[in-house]
Structure formats: C-alpha cells, structure tokens
Amino acid sequence: MATGMPTNISRAEERKLLANEAFKAHKYYQAIDLYTQAIEANSENAVYWANRSFAHTKLEEYGSAIQDATKAIEIDPKYSKGYYRRGAAYLGLGKFKEALKDFQQVKKLCPNDPDAAKKLKECEKAVMKLKFEEAIAVPRSEKCSITESIDYHAIGTSPGSSFVSLKVIAVPAAVALLAVLAVYVGTKAAIVVAATAMTTILVVWGTFWKGRCKDNIFTKTRTLDLDVEPQYAGARIEGDVVTLDFVKRMMDDFKNQKCLHKRYAYQIVLQTRKMLQALPSLVDINVPNGKHFTVCGDVHGQFYDLLNIFELNGLPSEENPYLFNGDFVDRGSFSVEVILTLFAFKCMSPSAIYLSRGNHESKSMNKIYGFEGEVRSKLSDAFVELFAEVFCCLPLAHVINEKVFVVHGGLFSVDGVKLSDIREIDRFCEPPEEGLMCELLWSDPQPQLGRGPSKRGVGLSFGADVTKRFLQDNGLDLVVRSHEVKNDGYEIEHDGKLMTVFSAPNYCDQMGNKGAFIQFEAPELKPKIVTYSAVIFSDELQSTP
C-alpha cells in the first residue's frame, strides 16, 4: 500500500464520521449510504451496523433496522446498543414481546441506564396489556359495535354529558339508589334485601344487554333531542345535513385551535362509517372527459399542510374531487382535525372525496404513533374504539377510469392477482400480517427486478417486472401509491409505470422533504405533479400562505 493511503479501517472511520454528520442534519438516506461505505471498508465493526440500523429506524425501515442490529449483536454479543436498536425497531412494528427480550438484555448489560429502564418498563406494560386483551378477547362474529350505544342526539346538556341512552343508564342508577338506601337505613335486614335486589337487577340487566348485543338487535330509542349548550360558540350542524358552510367554519375553528362539539364529531364519524360500509374493497372512480381528479398521499396529522393543499388546489367538491390515499393520522399533532375534516367533506358530498386505507389506519399503529393518545385527549375513550371501527370500513384501493390503480402501499408476493381478487377481500378487520390486504397496505417498490424482503419488516419489496405484469394482467396503465417519504414529494419509478406521492412536507418536523399531489385530467389521465413546501404557523397556530 502506498505511503499516506488510508487503510480500510481509517477509511471506514472517515465514512462513519461523515455519516454521523449527515444523520445529525436529518439526511438519513445519505447517512445510510455513508454507513454502508464504512461497512464495506470494515464489516467487523458493530458500531457501523448499529448506526445504520438507527438511520433505518428514522426512515421507518424497521425490517432493515432489525437486520443491521442483529448483525451488530453477532459481531459483539456484549454491545448494548445493538440490542437497544433492535428493540426500538421491534417497538416500531408493535412487536412488544420481541422488544421486551432485547431491552431486558440492555438492562442486564447496562443496569444503570435510565433510558433502557424506561424502555423496559414501557415494554413490560405493553406486554401485560396484550396478555390482558388476549384473555378477554371475544370472537369477531360475537363482538358488539360501539355504535350500538351511541346516540349523538342525546349529547348537549353539559360538556360531560353521556352518549349512552337513558335505558342503559337507568339500571345502574337504580342499583346505586338501592345501595345508598341500604347504607342510610343501616339495618342488617335492609342491607340483605338491597344486596339481593341489586344482584338480581344486575344479572337480569347483564343477560338482557349481552343477548341483545350479541344478536345485533339492540336499537337506540331516541328519548331526547337536546340542544347543544348555549355557551358553545363553534361550528354547528343544523339537523342531519353536513353543509359546506359548516365544514368551512369547522376548519376555521380548528385553525384557531378550537374544538368541535362532541355531538357533531360523533355525527360526522357515524355518518362516514355508514357510507364507507356500503363501499366495495376496490372502488371504481369515473372521471368524465374534460374533468380533473386529484390524488394526495400521506397527510399524517399535518392539518395546516392539508389546508395548504386546499388553498393551492381548491376545496373538495363534485367539480373538484380528491382521493386521499391513506395515512391520514399519526405522527403529526393534529390528526383529529385532519380526520374530522376529511370525514366532514365525505359527509357533505360523497363523490367530492374518496378515502383509502393506509397502514396507519389500524389500532396497533395508532397506539404507538400518537393518534390514540390524541383522540383520548381531544375527544374521549369511546372515540378511540369508534375510529378503529371506521378505519376497518375504509376501501383498500381505487381504480380511476379503468386505467390508474391507486393503493397506499404496493403490489403482491404472487403474480396473477386480479382486480376481482381485491374486490373480494374481507377488509372489515385489523390488517393481518400477511396476505393480499397486508401487501396492499405495506409493500414498497425496489429498483431490482423480482421480489425481495421488506425493508419495513412487513409486506415485501417488488420490482418493475412485477409492476408491469400486474398492469398487463388487469389492463391498466399506471400504479399510484404513497407510503414513503420522498424528498421532492413524489418519485417516478419502474419505467414510468409507478408513481409515489407523499403529501406531508417536512415530515415529523425534521425530514425537510416537499409535499406533492397529482392531478389527472380525463380522458388522457396524464399525471401533472404539484409540489409545495411545509406551512409555517405561529404560536397562535395561525397558518401562513
């Protein structure tokens, strides 16, 4: 080797330092490339593998992160960061039992590490909750819908008023009264009589409730139609019709950090659920000649960027229809505002806006990435279950004019899948970990031909040949999908036959990417891409152009 030429080890360290700087600047793709160069120069350094694992985690490429962290552990079984990185990746996938084992190992290697102790406690709590949920789980066929107990007309007498019908409240109230009387009278005989009466009432009531719920014949009797509190100054729905004026007022309230009354939130979500339930798993969209149609990608709770889309492209209407291609919630701080806005437009005019399910429209993702906690804080626990039910009603894919296939994630692990197969998917459930539904929500394109393992750890990666065969088999011209951050807000791959569109600029307030949406005009349906930067808003949450 010539004098002064860096050795492989020194070159590897040089690449690592550059990668660390790229990581600090949130340039994770660049960091991964530089860590890869370090690994190529010296593949026996566990730090390089663990660092690249961390960069993959930042890009939500949890499958790749797990592989790299596992390699770091193989090189150095006592390297605590290897276990920590792998545990964090398992957490990102909601695999709490696997994560627990890794954080137990971290705690063993670094007993005084407070962060490791915190992660371990988080995993232990999650695993305990999973075991409890498994123990009380009921078969899907016997599970009652939360909508059976919701009557939004009965909400309004006070901010904390119940949404449960008076019949349901009456029995526990009677039991409570008997208990009070027993204590008040104080005699042994009175207590025995009251206890017997309470037991009888609860048994009969419980049997009645369970039977009617199981048989799905429980119906709410509208005993009251209460006025919303006079002190409520926000947007109001008059009757059962969601109007454009209401939606505009609601968005303006959200823009100024005001809440929507729960009565109207229930009304919007319940009406949306009813509409979505009636749709097939694959929805056909017809765009008349001379008319246009807009497809948006992930929004991820970035409400002010959603408002910016409408500012740039107009509000949804029958003359200006949209398809939002999944991942409406999680990550961003305003997921409740985003989902209520999209649902309200759906209620206002079903043909003005189409909604497709993303991988983040699921219980497991919402629990980890913020939507569940936000719903509990801004609305109530009941809304958590209600949104979970509605998300299971969302269609899985759309076809525009029999030419453009639009799906959140990607294509399949097998050839020969027809549009009819997608239409027949029973989507009314939480996403499975394999199969057509899983792959529609999770898969990603790859530059190589053929198929490969998913960098996310769920779904798969598929090449241009897979895309070409799917389009040919179904007489289609183009696949449009979302699911991935792109620096320019979009990317065209697979010989122009596949487009990714991502509509959340500066994702997670750190990625620095642009957002984009795609406009199609019939009959050619030639895609026109519009990109934009993230909206800046002040402490008062006022959006700026």
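Numbers given for residues are sequential positions, taken from 1 along each chain in its written order. Totals for whole chains, interfaces and linings use all residues, but because this is a predicted model, local features are given only for residues with pLDDT of at least 70 and pairs of side-chain atoms are given and counted only at 80 or more. Side-chain calculation: all heavy atoms of the structure are included, whereas hydrogens and water are not.

This is how the line gets drawn: UniProt positions are given in the numbering used here, feature names are shortened, and annotations may be inferred rather than shown by experiment.
As annotated in an unreviewed UniProt entry, the protein chain is Serine/threonine-protein phosphatase 5 from Abeliophyllum distichum. Its UniProt record gives the protein chain a comment under Cofactor (unreviewed entry), which states: "Mn(2+)". Under the Sequence similarities (unreviewed entry) heading, UniProt states for the protein chain: "Belongs to the PPP phosphatase family. PP-5 (PP-T) subfamily."

## Section: the sheet that holds strand β3 (residues 322-324)
Keep this limit in mind: DSSP-based pairing: two strands are paired if at least 2 bridges between them are found. Here a strand is any run of E in DSSP of at least two residues, a helix any run of H or I of at least four, and the numbering for each starts at the N terminus. Helix axes are fitted to C-alpha atoms over the stretch in contact, other axes to C-alpha atoms as well, and angles between N-to-C directions run from 0 to 180 degrees. Two residues form a contact once any of their heavy atoms are found within 4.5 Å.
Read across the open sheet, the five strands follow the order β4-β3-β2-β13-β14; overall the sheet is mixed. Lying at the two open borders of the sheet, with one neighbouring strand each, are β4 (353-355) and β14 (528-532). Strand-to-strand twist of the sheet, defined as the mean angle between neighbouring strand axes without regard to direction, takes the value 20°. Where strand β2 (residues 292-296) meets β3, three bridges bridge the pair, whose relative direction is parallel. What sits directly across from Cys296, in β3, is Phe324. Helix α12 (residues 303-313) rests against β2, β3, β13 (515-521) and β14 of the sheet, and its axis sits at about 160° to β3.

## Quick notes on α12
At 3.6 residues per turn, the α-helix brings residues three or four places apart onto the same side. Applied cut-off: Using a 1.4 Å probe on the protein chains alone, a residue whose accessible area is under 20% of its type maximum counts as buried, one over 50% counts as exposed, and one in between counts as partly exposed.
Most of α12 is tucked away, with nine of its 11 residues classed as buried. Every buried residue belonging to α12 is among Phe303, Tyr304, Asp305, Leu306, Leu307, Asn308, Ile309, Phe310 and Asn313, and all of these are buried. Directly after α12, the chain includes Gly314, whose backbone phi takes a positive value near 90°.

## Concerning the nonpolar core
The following threshold applies: Each nonpolar core is a collection of buried residues, namely Ala, Val, Leu, Ile, Met, Phe, Trp, Tyr and Cys, held together in the definition by side-chain atoms within 4.5 Å.
Ranked by size, the top nonpolar core spans 61 residues in total, and within it Leu260, Phe324 and Phe387 carry the most contacts. Of all the secondary structure elements, the ones that give two or more residues to this core are α10 (244-255), α11 (262-277), α12, β3, α13 (335-348), β4, α15 (371-378) and α16 (381-391). The dominant element in this core, judged by the number of residues it contributes, is α13, at nine residues. Residues contacting Phe324, with those up to four places away along its chain left out, are Cys296, Val299, Leu306, Phe310, Leu342, Ile353, Tyr354, Leu355 and Ser356. Ala65, Tyr90, Phe470 and Leu471 belong to the second-largest nonpolar core, a separate cluster that totals 49 residues.

## Concerning the packing of aromatic side chains
In plain terms, the rule: Think of it this way: a Phe, Tyr or Trp ring, Trp meaning its six-membered ring, pairs with another when their centres are within 6.5 Å, and the plane angle makes it stacked under 30 degrees, edge-to-face over 60, tilted otherwise.
Evaluation of the coordinates by the stated rule reveals 23 aromatic pairs. Seen from their ring centres, Tyr84 and Phe103 are 5.4 Å apart, and the 85° between their planes marks the pair as edge-to-face. A residue pair is termed long-range when its members are at least 10 positions apart, and Tyr84 in helix α5 (residues 80-92) and Phe103 in helix α6 (residues 96-109) qualify at 19 residues. For Tyr84, a relative accessible area of 14% gives the class buried. Judged by relative accessible area, Phe103 falls into the buried class, the value being 0%. Ring pairing ties together the aromatic residues Tyr266, Phe343, Phe371, Phe383, Phe387 and Phe391, which thus form one cluster.

## Quick notes on α11
Our working rule: A helix is expected to reach a length of 1.5 Å times the quantity of its residues less one.
For α11, which comprises 16 residues, the first-to-last C-alpha distance of 22 Å matches the rise-based estimate of 22 Å (1.5 Å per residue) to within 8%. When α11 is considered as a whole, its buried residues turn out to be Arg263, Tyr264, Ala265, Tyr266, Gln267, Ile268, Val269, Leu270, Thr272, Arg273 and Leu276. Elements in contact with the buried residues of α11: α10, α13 and α16.

## Brief notes about the pattern of salt bridges
Put simply, the test is: The rule for a salt bridge is simple: a side-chain nitrogen of Lys or Arg has to be within 4 Å of a carboxyl oxygen of Asp or Glu.
For the structure shown, the criterion picks out 26 salt bridges. Put simply, Arg273 and Glu389 hold a salt bridge, and the shortest N to O gap is 3.5 Å. Residue Arg273 is located in helix α11, and its partner Glu389 is located in helix α16; the two are separated by 116 residues in the primary sequence. Each member of the pair, Arg273 as well as Glu389, carries the same accessibility label: buried. The shortest N-O distance in the salt bridge between Asp465 and Arg469 comes to 3.8 Å. Taken together, the residues span about one helical turn, with Asp465 and Arg469 both in helix α19 (residues 464-474) at a distance of four residues. What makes Asp465 partly exposed here is its relative accessible area of 21%. For Arg469, a relative accessible area of 30% translates into the label partly exposed. Within the structure, one salt-bridge network assembled from shared partners comprises Glu61, Asp444, Lys455, Arg456, Arg481, Glu484, Lys486 and Glu491.

## Notes on the environment of Ser533
Inspection of the secondary structure puts Ser533 in the segment after β14. For the pair Ser533 and Asp488, spaced 45 residues apart in sequence, the C-alpha separation works out to 9.4 Å. Among residues more than four places away in sequence, those in contact with Ser533 are Asp305, Asn308, Pro505 and Lys514.

## Quick look at the environment of His56
Among the structural elements, His56 can be located in helix α3 (residues 46-58). Taking C-alpha positions, His56 is 7.3 Å from Ile32, a pair spaced 24 residues apart along the chain. Non-local contacts of His56, meaning those with residues more than four positions away in its chain, are made with Ile32, Glu61, Ser64, Ala65 and Asp68.

## As for the confidence of the model for the protein chain
Low pLDDT marks stretches whose predicted atomic positions should not be read closely. The line we're drawing: Confidence scores labelled pLDDT are given residue by residue by the predictor and lie between 0 and 100.
Counting all residues, the mean pLDDT for the protein chain is 87, and 84% of those residues have values of 70 or more. Below pLDDT 50 for its whole length, residues 158-169 participates in 23 contacts with residues either more than four positions away or in separate chains.

## Side note on the pairing of strand β11 (residues 490-493)
Bridge count for β11 against strand β12 (residues 498-501) is four bridges, and the pairing is antiparallel. Along β12, the bridge assignment pairs Glu493 with Leu498. Between β11 and β12, which pair antiparallel in sequence order, lie four residues; one of them, His494, sits at a positive phi of approximately 55°.

## Topic: the packing of α11 against α13
Threshold: When describing relative orientation, an angle under 35 degrees is termed roughly parallel and one over 145 degrees roughly antiparallel, while 65 to 115 degrees is termed roughly perpendicular and anything else oblique. Here a crossing is taken to be left-handed if its near helix is turned anticlockwise relative to the far helix by less than a right angle, and right-handed if that turn runs clockwise. Here the term charged refers only to Asp, Glu, Lys and Arg, the term nonpolar to Ala, Val, Leu, Ile, Met, Phe, Trp, Tyr, Cys and Pro, and the term polar to all other amino acids, Gly among them.
Axis separation between α11 and α13 bottoms out at 9 Å; the angle between their running directions is 60°. With respect to α13, the element α11 is oriented oblique. The two elements α11 and α13 cross, and the hand of that crossing is left-handed. Between α11, through Ala265, Ile268, Val269, Gln271, Thr272 and Met275, and α13, the contact on the second element is made entirely by Leu340, Phe343, Ala344, Lys346 and Cys347. Here the residues of the contact of α11 with α13 are counted per class, giving eight nonpolar, two polar and one charged.

## Remarks on the packing of α3 against helix α4 (residues 62-75)
The contact between α3 and α4 brings their axes to 8 Å, and the two run at 165°. Considering their axes alone, α3 and α4 lie roughly antiparallel with respect to each other. The two elements α3 and α4 cross, and the hand of that crossing is left-handed. Two secondary-structure elements touch here, α3 through Ala46, Trp49, Ala50, Arg52, Ser53, His56 and Thr57 and α4 through Tyr62, Ser64, Ala65, Asp68, Ala69, Lys71, Ala72 and Ile75. Taken together, the residues of the contact of α3 with α4 break down into eight nonpolar, four polar and three charged.

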